[in-house]
Amino acid sequence: MKQITSFLHKKVLILGLAKSGEAAARLLQALGAIVTVNAAKPFAENPAAQSLLEEGIKVICGSHPVDLLDEQFALMVKNPGISYANPMVKAAQAKGIPIYTEVELAYLVSEAPIIGITGSNGKTTTTTMIATVLEASGQAARLSGNIGYPASEVVKTAKATDTLVMELSSFQLMGVEHFHPRIAVITNLMPTHLDYHGSFEAYVAAKWNIQKQMTADDYIVLNFNQSIAKELAQKTKAQVLPFSTHERVEGAYLQDGHLYFKEERIMAATEVGVPGSHNIENALATIAVAKLSGISNQDIRTSLMHFTGVKHRLQALGQVKGVTFYNDSKSTNMLATQKALSGFDNARVILIAGGLDRGNEFDDLVPDLTGLKQMVVLGQSAQRVKRAADLAKVPYMDAKDVRDATIKAFAMAKAGDVILLSPANASWDMYQNFEVRGEEFIATVESLKGE
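Residues numbered from 1 in each chain as written. Predicted model: local features only at pLDDT ≥ 70, side-chain atom pairs only at ≥ 80, totals over all residues. Heavy atoms only, no water.

> Explain the overall build of the protein chain here, please?
Assigned secondary structure in the protein chain consists of 17 helices and 20 strands. Here the protein chain has a C-alpha radius of gyration of 23 Å; the compact-globule value for 451 residues is 22 Å, and the two agree. Dimensions along the principal axes, computed over C-alpha positions, put the protein chain at roughly 65 × 55 × 40 Å. Every one of the 451 residues in the protein chain was classed for burial, and the buried ones make up 56%. For the protein chain, restricting intrachain contacts to residue pairs at least 6 apart in sequence, the fraction spanning at least 24 positions comes to 64%. About 18200 Å² of surface is accessible on the protein chain, with carbon and sulfur atoms providing 50% of the total. (Helix = DSSP H or I, 4+ residues; strand = E, 2+ residues; numbered from the N terminus. Rg over C-alpha atoms; globule rule 2.2 N^0.38 Å. Buried < 20%, exposed > 50% of the residue type's maximum accessible area, 1.4 Å probe, protein only. Contact = heavy atoms within 4.5 Å. Areas by Shrake-Rupley, 256 points an atom, 1.4 Å probe, with all protein chains shown as cover.)

Set out below in structure tokens:
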């Protein structure tokens, strides 16, 4: 990483911890900053804060005392999940304290160029696809960002010959000023996280920050299936490289069942290793980035053919007695489940769905549920999900948890069927997170393989 002196002897407040805050605190300490960490979680229940204290970093836990800002901090690094309406953040703004998110910090010290990927859906899959294709061609790709590898941790060991393939959320991008990827990708834009941003327009503006510092030497890859992307394409200095499954574009596109890049046939759509129309879009975005990165058509095709998905995102788990299992636990909203179902013949699918009740009905999901062989329903939202199943005329049964649901689904399945965990709901009513929910599904499938 670059040994910059911008933070030397400067007082910096890390607001909120989690993985990114912990990584940012260590990076700033390594750069000579005087670091204070403020986390809401009590110290006794906060192993990360305990570790940082042992390393000589000041920690204040249990609350966010606004008077802490009287200590004349030169900078605040804010956890992305903390709203700008938070009293500590508002007080820092009132005092004129610059507020960074952790990816901004990482960019400032990174020797490696950055490919940044954002969007409402498909970020994780596209980020992983891109890294996989780069690696397969012999280029050193480092996954980072919102994908579980804090950028400010990865940059410490990333070399100038590496490429940071960075997943970026709207929360991370909302506050960036200097962040500058050489290639940016926006997979799609849907009304999401409106409780945080306040409006779709504000959400789009946060995502659009990804290209804020881009120049005519850079590239932004946009989904021309969406009219909003075509509008945004007129508002950037970067070179626009579109992708589309609906029309032939001057980039990557689907035509007659094949994936192309500027008239070069890359592969058949059916050869992509993960199912679903959304994964064709993800593959096209990946192809665009790969071609910009000088990767051969054959290397792209081979990598995408062998790509089996991301853990908890339409992850293929294999077969038991001819029944195929897919783990899509990361599907925490209706749109993600709609996209998951698009890759299958509903008549052979048993869908496991339900979770945290956020008060919404599932009417928009009804057309996608129609024709399913069966549903197994669980969680707080069970009654709302069952209402949608009734509207779609799909039979269902109840389950107490994911293990119970998987066993019941398998009992009614026949060879050739698919059991799909795609809950369309967050996990927090029953599980700590979607990963824990998905791990229970994986463990249950493994136990069925052993029977």
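> Help me understand unusual backbone geometry, please; the structure alone is not making it clear to me.
Keep in mind that most residues, glycine aside, have a negative phi and that most peptide bonds are trans. The phi dihedral of Lys262 falls on the positive side, at around 45°, and the residue is not glycine. Locating Lys262 in the fold gives a position in the loop between β13 (258-261) and β14 (264-268). One non-glycine residue, Lys321, lies in the positive phi region at around 55°. Along the polypeptide, Lys321 turns up in the loop between β15 (315-320) and β16 (323-327).

> Even after reading the chapter, I still don't get the sheet that holds strand β18 (residues 374-377), so can you show me in this structure?
Sheet strands associate in pairs through backbone hydrogen bonding, adopting either a parallel or an antiparallel arrangement. Pairing within the open sheet is mixed, and its 6 strands lie in the order β15-β16-β20-β17-β18-β19. Looking at strand neighbours, the two that pair on one side only are β15 and β19 (396-398), the edges of this open sheet. Within this sheet the neighbouring strands show an average axis-to-axis angle of 20°, counted without direction. Of the strand pairs in this sheet, strand β17 (residues 349-353) and strand β20 (residues 418-421) are connected by 4 bridges, and their pairing is parallel. Bridge pairing in β20 places Ile350 opposite Ile419. The sheet contacts of helix α16 (residues 402-412) involve β15, β16, β17, β18, β19 and β20, and relative to β17 the element is tilted by about 165°. (Pairing = 2+ DSSP bridges. Axes fitted to C-alpha atoms, helices over the stretch in contact; angles between N-to-C directions.)

> It is not clear to me how the sheet that holds strand β1 (residues 11-15) should be interpreted in this structure. Could you clarify?
With respect to topology, 5 strands assemble into an open sheet ordered β3-β2-β1-β4-β5, the strand pairing being parallel. Each edge of the sheet is formed by a strand with only one pairing partner; in this case those strands are β3 (58-61) and β5 (99-100). Taken together, the 4 bridges between strand β2 (residues 34-39) and β3 define a ladder with parallel strand orientation. In the strand pairing of β3, Asn38 is matched with Ile60. Relative to the sheet, helix α3 (residues 87-94) contacts β1, β2, β4 (75-78) and β5, its axis offset from that of β4 by approximately 150°.

> Teacher, can you tell me more about the pattern of salt bridges here?
As a working rule, side chains carrying opposite charge can pair if their charged atoms are close by. By the definition in use, this model includes 22 salt bridges. Here Lys230 and Glu247 are joined by a salt bridge, their closest N and O atoms 2.7 Å apart. Here Lys230, found in helix α10 (residues 227-232), pairs with Glu247, found in the loop between β11 (239-244) and β12 (252-255); they are 17 residues apart in sequence, far enough to count as distant. Of the residues examined, Glu247 reaches a relative accessible area of 31% and is grouped as partly exposed. Here the salt bridges share partners, and the residues they tie into one network are Asp357, Glu361, Asp363, Arg384 and Arg387. (Salt bridge = Lys/Arg side-chain N within 4 Å of Asp/Glu carboxyl O.)

> I keep staring at the packing of helix α1 (residues 18-30) against helix α2 (residues 47-54) and nothing clicks. Help me out?
Axis angle and axis distance: for two packed helices, these are the angle between their axes and the distance between the axes, and together they describe the pair. Viewed as axis vectors pointing N to C, α1 and α2 meet at an angle of 5°, and their least axial separation amounts to 10 Å. Taken together, the axis directions place α1 and α2 in an arrangement best described as roughly parallel. From α1, Glu22, Ala25 and Arg26 reach across to α2, where they touch Ala48, Ser51 and Leu52. Split into classes, the residues belonging to the contact of α1 with α2 amount to 3 nonpolar, 1 polar and 2 charged. (Parallel < 35°, antiparallel > 145°, perpendicular 65-115°, else oblique. Nonpolar A, V, L, I, M, F, W, Y, C, P; charged D, E, K, R; others polar.)

> Explanation requested: α2 in the structure shown.
Three or more residues of α2 are buried, namely Ala48, Ala49 and Leu52. Take α2 and look down its axis: the buried residues cluster within an arc of 95°, on one side only. Turned more than 90 degrees away from the buried face of α2 sit Pro47 and Glu54, all of them exposed. Phi turns positive one or two residues past the end of α2, at Gly56, with a value near 90°. (Arc of directions from axis to C-beta.)

> Which parts of the structure should I look at to understand the side chain of Lys123?
Position of Lys123 relative to the elements: it lies in helix α5 (residues 123-136). Among all residues touching Lys123, those that are not within four sequence positions of it are Ile117, Thr118, Asn146, Glu167, Leu168, Thr187 and Lys207.

> Looking at this structure, I do not really get the pairing of strand β9 (residues 183-186). What am I missing?
Here is the key point about a regular strand: its side chains alternate between the two faces of the sheet. Here β9 shows no split at all, with Ile183 and Val185 on one side and Ala184 and Ile186 on the other all buried. Where strand β6 (residues 114-118) and β9 come together, 4 bridges link them in parallel fashion. Counterpart to Thr118 in the pairing with β9 is Ile186. Pairing of β9 with strand β10 (residues 219-223) involves 4 bridges; the strand directions are parallel.

> Can you walk me through the environment of Gln172 in this structure?
Counting through the fold element by element, Gln172 comes out in helix α7 (residues 170-173). Residue class for Gln172 comes out buried when judged on its relative accessible area of 5%. In sequence terms Gln172 and Tyr100 are 72 residues apart; their C-alpha atoms lie 8.9 Å from each other. Apart from residues lying up to four places away in sequence, Gln172 is in contact with Pro80, Thr101, Glu102, Val103, Gly145, Asn146 and Glu167.

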